[in-house]
Amino acid sequence: MREMKRKAEKDVWNIWKTWKQAAEKFANTELDAVGVVEVILILVVLIALVIIFQEQLTQLVNNIFSSIRDKAGTIY
């Protein structure tokens, strides 16, 4: 039982170490100015599309959840 606990703790530590290394690697990468501008422009376009089609998107999501609720009772 203790061996299983030690192995689980070791696995958790390895996962934590891997995530930490990945985060440090990501933090140390330098983004060039063009990449940052591209990301900002894409976000602006996406936000504009959401604002423009907000009513249609809300109606679509409501219809999807309504359909899920209606058909949920038929699943056994």
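The structure displayed is predicted, hence computed values, not measured ones. (Residues numbered from 1 in each chain as written. Predicted model: local features only at pLDDT ≥ 70, side-chain atom pairs only at ≥ 80, totals over all residues. Heavy atoms only, no water.)

Novice: Which residues make up the overall build of the protein, and what values go with them?
Specialist: The helix and strand inventory of the protein stands at three helices and zero strands. Of all 76 residues assigned to the protein, the portion counted as buried reaches 0%. By element, 68% of the accessible surface of the protein is carried by carbon and sulfur atoms, the whole surface being about 7900 Å². (Helix = DSSP H or I, 4+ residues; strand = E, 2+ residues; numbered from the N terminus. Buried < 20%, exposed > 50% of the residue type's maximum accessible area, 1.4 Å probe, protein only. Areas by Shrake-Rupley, 256 points an atom, 1.4 Å probe, with all protein chains shown as cover.)

Novice: Kindly report on the confidence of the model for the protein, identifying the contributing residues and their values.
Specialist: Within the protein, residue pLDDT values average 83, and 89% of them lie at 70 or more. Per-element confidence in the protein ranges from a low mean pLDDT of 80 for helix α1 (residues 2-28) to a high of 90 for helix α3 (residues 54-72). (pLDDT = per-residue confidence, 0-100.)

Novice: An account of α1 is needed here, citing residue identities and associated values.
Specialist: Compared with the 39 Å implied by 1.5 Å per residue over 27 residues, the 39 Å span of α1 between its first and last C-alpha is a close match. Of all 27 residues in α1, zero are buried, a share of ten percent or less. (Expected span 1.5 Å × (residues − 1).)

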